[in-house]
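Each chain is listed here by its residues.
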Amino acid sequence: MQKKIALINDITGFGRCAIAAMAPIVSAMKIQAVVIPTAILSTHTQFPIFYFDDYTSRMKDYIQTYKDLQLEFDAIATGFMGSKEQIDIVIDFIQTLKKDHSFILVDPVMGDHGKLYATYTPEMCEKMKELVKYADLMTPNLTELVTLVDRSYPTTLPSFDELKEMCEQLSKQGPSHIVVTGIPFNEKQILNFIYNKDEDYQIVMVDRIGKDRCGTGDVIAAVIAGSYLNGFSFYESVKKATKFASRCIQYCEQTGVPHHYGLCFEEYLYELGEEL
C-alpha cells in the first residue's frame, strides 16, 4: 500500500516554505501527504506584509476526523508550532495515531543564528522539550540544539566532539537520529552533523551558495522524512536532502530569485521520484 505521512506545519501561500514545500516533495517521492495546519499565512513573516491566521482553536476538531476514521500514518513530521497549546494537541495526536511501525520527525523551528523567534518564550521552549520525547528523528539547527540542551549559543564553531556530546544529551530525551543542519563551517562550506545513537558521528559537507534562503529547513526535513520512509538510512537521507537543497539553491542564485522567495524545488522534483 502507498505510504502516508502527516505533515503538521503552517500553510503559507507564497514563499515556498512549510507545507507548501513539504507536501509536493513527499508526493514526488510517492508518499501521500496528509496536511494538518498549525497556522495559515498568505506569505511568510519575512515579507513586509502578510496575513496570519492562528489555527490553534480549530486543530482539535480538524484532527478528530482522522481519529474517527482511525487513520494510520507511516510517519508524522512536525514543524512550526505557534503556541504551547499546539504542542499539547500534537502530542495527543501522536499518542493516539502513532503506530508501532511509524516514526516521528521533529523539526523544532525555534530560531536561528543564536536567536529564538519572538514566539518562543521560556515556557514554549520547555514545552518543546516535551515533544522531543516522542521524536525518532530530529533536524535542529545549532541554535535549536543548544536551546534544547540548555546551553548558550557558542561564540566559535563547536568541535565535532562537542556537537556529539550535545546530540547525545538530546538523544537521551528521545530521538535516536539527529542531524544538526546548516552549521557555517567556513566561508565556503556548510556542515551538517549527523548523530545516530550508539554509533560514531558522521558529517555531510555542502558548498555555501549565496545567503540563507527561507524554507531551506523545510525542504531538507521533507526529503529526509521521505527518504527515510522509503527505506534509506538516516545518513543517506541527509545526503540526499542536502544535495537536493543545494541544487535548488544553485538554480535560484543563477536565476536571481529573491532569498525570501524560497527554493525553486519545482525544477528538480522529478529527480526525487526517479531515484526510487
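Per an unreviewed UniProt entry, the protein is named pyridoxal kinase, and its organism is Allocoprobacillus halotolerans.

Asks: Can you explain the sheet that holds strand β10 (residues 189-196)? Please cite residues and give values.
Replies: Consider a sheet: its strands pair through backbone hydrogen bonds, and that pairing is either parallel or antiparallel. Read across the open sheet, the 9 strands follow the order β3-β2-β1-β4-β5-β8-β9-β10-β11; overall the sheet is mixed. Two strands close off the open sheet at either side, each with one partner strand: β3 (52-54) and β11 (202-207). With 2 bridges joining them, strand β8 (residues 137-138) and strand β9 (residues 177-184) adopt parallel strand pairing. Paired with L137 across the bridge in β9 is H177. Those strands touched by helix α1 (residues 19-28) are β1 (4-14), β2 (32-43) and β4 (73-78), and its axis lies near 135° from that of β1.

Asks: Just give me the short version of unusual backbone geometry, but keep the residues and values in it.
Replies: Even without glycine at this site, R16 takes up a positive phi of about 55°. Residue placement: R16 occurs in the loop between β1 and α1. Its identity as a non-glycine residue notwithstanding, K30 has a phi of 70°, on the positive side. Within the fold, K30 resides in the loop between α1 and β2.

Asks: Any details on the nonpolar core? Residues and values, ideally.
Replies: In this structure, F93, M128 and L131 are the most contacted members of the largest nonpolar core, which totals 44 residues. Top contributing element to this core by residue count: helix α3 (residues 84-97), with 7 residues. In this structure, I5, I25, V26 and V204 belong to the second largest nonpolar core, which totals 41 residues.

Asks: Kindly report on the pattern of salt bridges, identifying the contributing residues and their values.
Replies: On inspection of all chains with the given rule, the structure shows 11 salt bridges. For D88, the salt bridge goes to K127, with nearest N and O atoms at 3.0 Å. Residue D88 is located in helix α3, and its partner K127 is located in helix α4 (residues 122-132); the two are separated by 39 residues in the primary sequence. Ionic pairing is found between R213 and E253, a salt bridge with its closest N-O pair at 3.1 Å. Of this pair, R213 sits in the loop between β11 and α7 (216-229) while E253 sits in helix α8 (residues 234-255), placing them 40 residues apart in sequence. Within the structure, one salt-bridge network assembled from shared partners comprises D88, K127 and E130.

Procedures and definitions
- Residues numbered from 1 in each chain as written.
- Predicted model: local features only at pLDDT ≥ 70, side-chain atom pairs only at ≥ 80, totals over all residues.
- Heavy atoms only, no water.
- Pairing = 2+ DSSP bridges.
- Helix = DSSP H or I, 4+ residues; strand = E, 2+ residues; numbered from the N terminus.
- Contact = heavy atoms within 4.5 Å.
- Axes fitted to C-alpha atoms, helices over the stretch in contact; angles between N-to-C directions.
- Core = buried A, V, L, I, M, F, W, Y, C linked by side-chain atoms within 4.5 Å.
- Buried < 20%, exposed > 50% of the residue type's maximum accessible area, 1.4 Å probe, protein only.
- Salt bridge = Lys/Arg side-chain N within 4 Å of Asp/Glu carboxyl O.

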